[in-house]
Amino acid sequence: MTDDSRTGTAVRPNPVGPGAGKAPGSGPTGKGAGSAAAGADTAAAARQKRRVRRARLRLTHIDPWSVMKTAFLLSIAFAIVTVVSVFIVWTVLDAAGVWDSINSTIADVVGSDADSFDIEGYVGMSRVMGLTLLIAAVDVVLITAMATLGAFLYNLAAALLGGIDVTLAEER
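Right, let's walk through the structure included here. (Residues numbered from 1 in each chain as written. Predicted model: local features only at pLDDT ≥ 70, side-chain atom pairs only at ≥ 80, totals over all residues. Heavy atoms only, no water.)

**A look at the overall build of the protein chain**
Convention followed: Comment: elements are numbered from the N terminus, with helices defined as DSSP H or I runs of at least four residues and strands as E runs of at least two. When a residue's accessible area, from a 1.4 Å probe over protein chains only, is under 20% of the maximum for its type it is buried; when over 50% it is exposed; and in between it is partly exposed. Residues count as neighbours in contact if any of their non-hydrogen atoms are within 4.5 Å of one another. The method behind every accessible area is Shrake-Rupley, applied with a 1.4 Å probe, and residues are considered shielded solely by the protein chains displayed.
Along its length, the protein chain carries five helices and four strands. The helix and strand sequence of the protein chain, counted from the amino end, reads β-β-α-β-α-α-α-α-β. Within the protein chain, the fraction of its 172 residues that count as buried is 15%. Taking contacts inside the protein chain between residues at least 6 apart in sequence as the whole, the part at least 24 apart equals 74%. Carbon and sulfur atoms provide 65% of the accessible area of the protein chain, an area that totals close to 13200 Å².

Okay, here's the thing in structure tokens:
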């Protein structure tokens, strides 16, 4: 071997002789000379690539603090999605004229006494959004508490029963 001082890497001299330095199965056509050894090497390499490493693990403890933090963040995201979706649904119903249609239907059914009836007094934007925010806040507290309690209960059950066996596989 010689040293290439420009790159700092070792340079291997070219082998001498016909076919020297070629990998099995390489040639001008990209196929081997028909040797069975080249096909066997390719099949062995394919088996080597598809080999799967497996690990059996047992989940015996879940950290309640990390469960609480994760559940809190996910419940906040759920609350935001809930508030935005209720706002969009209410706005679409208002733009479609559903509230006016309900008012006219009630006026037709009840009679002239219903002219003063307005459905938006009962399901107006401010009431609906206020109720949605209240429900979302309660959901954040409940989801966080239930997830944390679930982690504590899992830890108790895992201490008695041994936990959950999980098999992980890594394909190579």
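**Concerning the packing of aromatic side chains**
This is how the line gets drawn: Any two of the Phe, Tyr and Trp rings considered here, Trp counted by its six-membered ring, make a pair once their centres fall within 6.5 Å; the pair's planes then place it as stacked at under 30 degrees, edge-to-face at over 60, or tilted in between.
Inspection of the entire model under this criterion finds one aromatic pair. With centroids separated by 5.7 Å and ring planes inclined at 35°, the aromatic side chains of tryptophan 90 and tryptophan 99 adopt a geometry described as tilted. Residue tryptophan 99 is classed as buried on the basis of its relative accessible area of 10%.

**Description of the pattern of salt bridges**
Where charged atoms from two side chains of opposite charge approach closely, those side chains can pair. Defined as follows: By convention in these notes, a salt bridge is any Lys or Arg side-chain nitrogen within 4 Å of a carboxyl oxygen on Asp or Glu.
Taken as a whole and assessed by the stated rule, the structure comprises three salt bridges. For arginine 53, the salt bridge is made with glutamate 170, and the minimal N-O distance between the two is 2.6 Å. With arginine 53 in strand β3 (residues 52–59) and glutamate 170 in strand β4 (residues 164–171), this residue pair connects regions lying 117 residues apart in the sequence. According to the relative accessible area criterion, glutamate 170 is partly exposed, its value standing at 37%. In this structure, aspartate 165 and arginine 56 form a salt bridge, with 3.7 Å as the shortest nitrogen-oxygen distance. Placement of aspartate 165 in strand β4 and of arginine 56 in strand β3 is noted, with a sequence separation of 109 residues between them. For aspartate 165, a relative accessible area of 42% corresponds to the partly exposed category.

**Topic: the environment of alanine 137**
If you trace the backbone, alanine 137 turns up in helix α5 (residues 125–161). Classification of alanine 137 by relative accessible area gives partly exposed; the value is 43%. On a C-alpha basis, the gap between alanine 137 and isoleucine 80 in space is 10.0 Å, while along the polypeptide they are 57 residues apart.

**Observations concerning the packing of helix α2 (residues 64–95) against α5**
To keep things clear, this is the line we draw: Axis geometry follows a simple rule: fit a line to the C-alpha atoms, using only the stretch in contact for helices, then measure angles between N-to-C directions, giving values from 0 to 180 degrees. Small angles under 35 degrees read as roughly parallel and large ones over 145 as roughly antiparallel, with 65 to 115 read as roughly perpendicular and the rest as oblique. Crossing handedness is read from the near helix: turned anticlockwise from the far helix by less than a right angle, it gives a left-handed crossing, and turned clockwise, a right-handed one.
Two elements in contact, α2 and α5, have axes whose closest approach is 8 Å; the angle formed by their N-to-C orientations is 160°. Between α2 and α5, the crossing angle belongs to the class labelled roughly antiparallel. The element α2 and its partner α5 pack so that their crossing is right-handed.

**Section: the environment of leucine 74**
Checked against the element boundaries, leucine 74 lands in helix α2. Sequence separation of leucine 74 and threonine 144 is 70 residues, and the distance between their C-alpha atoms is 8.8 Å.

**Section: α2**
How we decide: Helix span, expected: 1.5 Å multiplied by one less than the number of residues in the helix.
Under the 1.5 Å per step criterion, the end-to-end length of α2 is 46 Å for 32 residues, consistent within 8% with the ideal 46 Å. Listed in full, the buried residues belonging to α2 are Pro64, Val67, Ala71, Ser75, Ala79, Val83 and Trp90. Residues of α2 that are buried sit in contact with α3 (98–110), α4 (120–123) and α5. Of the residues trailing α2, glycine 97 is marked for its positive phi of about 80°.

**With respect to the nonpolar core**
Counted only if it meets this: Buried residues of nine kinds, namely Ala, Val, Leu, Ile, Met, Phe, Trp, Tyr and Cys, make up a nonpolar core once their side-chain atoms join them within 4.5 Å.
In this structure, Ala79, Val83, Met129, Ala136 and Val140 together form the largest nonpolar core, which totals five residues. Those elements giving two or more residues to this core turn out to be α2 and α5. Other than its neighbours up to four places away in sequence, methionine 129 contacts Val83, Val86 and Phe87.

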